[in-house]
Protein chains: 2
Amino acid sequence: MQTQLEKTNDATEKEIFVKMILDAWNAQNERVDKFLAEVSDDELKTEIATGKNSGVYLAGHLAAVNDNLFEILGIGENLYPELKEVFLGNPENKEKETVSIDELKKYWGEINAELSKKFSELSPAEWFEKHASVSAEDFAKEPHRNRLNVLLSRTIHQSYHLGQLNILKK
Amino acid sequence: MQTQLEKTNDATEKEIFVKMILDAWNAQNERVDKFLAEVSDDELKTEIATGKNSGVYLAGHLAAVNDNLFEILGIGENLYPELKEVFLGNPENKEKETVSIDELKKYWGEINAELSKKFSELSPAEWFEKHASVSAEDFAKEPHRNRLNVLLSRTIHQSYHLGQLNILKK
């Protein structure tokens, strides 16, 4: 009869931890998928509160943040680098539609499909290597600043805005 | 000269994982602390959108979820078990004030101070033991269902509602 602890040690610790974060990441992305499939265009165009961002901007912001992961994790190039300026570098411009809702939904799906593919090619050990925004010197002192930690912070960030987006759905 | 990977292996892997999740957890709680310190009572009493929960209910909900961690993680007893029925077991009752804003803020601080104390007593290995809502049998097959994974899911959940709460602040 094995104790809990011995049993845990059967699986690689890194594998368990990577699964924990990837499961959380995938669950959040699926909740955004579901939201985007169910929300109407009119609902999505609504501001989450008077004078605040619209759902379209927040959805674009989430797509831009996901697209940026290729670069930050060092696993490829952004698929839609134009999203960065519109949804990360600048506040919402409500006078001008820059990307249509249909385009946004398409980009969201494509970015996430490509991320999933790249993620499946990373070994557990590679998830614990440093991400692109930390120097080798800093990483030596702070080994928690790894690729997986970026995904953790993005998962939490996505949940923050999903909480706001879900307000729009009747 | 060490490679990144060798350097990472110097620190106990489990310690790094625990630090990643605890850092994220603490950062979220500090953001809620900041929100509660800055928001006015009138803002907090406002609904996040017409017909949706008020800020008071969401703050109470977050306090109740944190208080429940003692039980789920098997590290003590809930400090304010009465929160459970009001903010977890039932939807908001807007006709009746059950807990005052001052009480809620006090509870929030006390619950988190006690959680921090208990967390500091857990070893990295203990974080990877099963939580109270999973059977030993299931845990043997699914070793990711550990205490740390509960804290991860609660961190993401907290961020979801913080996104909504921040809408209320002028």
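Residues numbered from 1 in each chain as written. Chains lettered and ligands numbered in written order. Predicted model: local features only at pLDDT ≥ 70, side-chain atom pairs only at ≥ 80, totals over all residues. Heavy atoms only, no water.

Novice: Even after reading the chapter, I still don't get the pattern of salt bridges, so can you show me in this structure?
Specialist: Opposite charge on two side chains permits them to pair, given that their charged atoms come into close proximity. Tallying each qualifying case throughout the model produces 22 salt bridges over all chains. Taking the shortest distance from any N to any O, the salt bridge between Lys94(B) and Glu47(B) comes out at 2.8 Å. Linking Lys94(B) in the loop between helix H5 (82-89) and helix H6 (101-121) with Glu47(B) in the loop between helix H3 (41-45) and helix H4 (55-72), this pair joins segments that are 47 residues apart in sequence. Look at Glu47(B) and you get partly exposed, because its relative accessible area is 29%. The shortest N-O distance in the salt bridge between Arg145(B) and Glu142(B) comes to 2.9 Å. For Glu142(B), a relative accessible area of 30% translates into the label partly exposed. Because the salt bridges share partners, they merge into one network encompassing Lys34(A), Glu38(A) and Lys169(A). (Salt bridge = Lys/Arg side-chain N within 4 Å of Asp/Glu carboxyl O. Helix = DSSP H or I, 4+ residues; strand = E, 2+ residues; numbered from the N terminus. Buried < 20%, exposed > 50% of the residue type's maximum accessible area, 1.4 Å probe, protein only.)

Novice: Would you mind showing me how to read the side chain of Lys130(A) here?
Specialist: All names here are of chain A. In this fold, Lys 130 is placed in the loop between helix H7 (124-127) and helix H8 (136-141). Put simply, Lys 130 is tucked away with no salt bridge, and the nearest opposite charge, on Glu 129, sits 9.1 Å away. Only 2.7 Å separates the side chain of Lys 130 from the backbone oxygen of Val 134, close enough to count as a polar contact. (Lys, Arg positive; Asp, Glu negative; His and termini not counted. Polar contact = N/O pair within 3.5 Å; in protein donor to acceptor, adjacent residues only side chain to side chain.)

Novice: What should I look at first to understand the environment of Asp102(A) in this one?
Specialist: Checked against the element boundaries, Asp102(A) lands in helix H6 (residues 101-121). For the pair Asp102(A) and Glu142(A), spaced 40 residues apart in sequence, the C-alpha to C-alpha distance is 41 Å.

Novice: How do you make sense of the relation of the copies chain B and chain A when you look at a structure like this?
Specialist: Two copies of a chain can be linked by a rotation about an axis combined with a shift along that same axis. Expressed as a screw transformation, the operator carrying chain B onto chain A has a rotation angle of 180 degrees and an axial translation of 0.0 Å, and the superposed copies differ by an RMSD of 0.0 Å. One copy is carried onto the other by what is essentially a two-fold rotation axis. Among all residues of chain B, the minimum C-alpha distance to the rotation axis is found for Tyr160(B), at 2.1 Å. Both copies contact each other with a shared surface, as 100% of the interface residues of chain B are interface residues in chain A too. (Least-squares fit on C-alpha atoms with pLDDT ≥ 70 in both. Contact = heavy atoms within 4.5 Å.)

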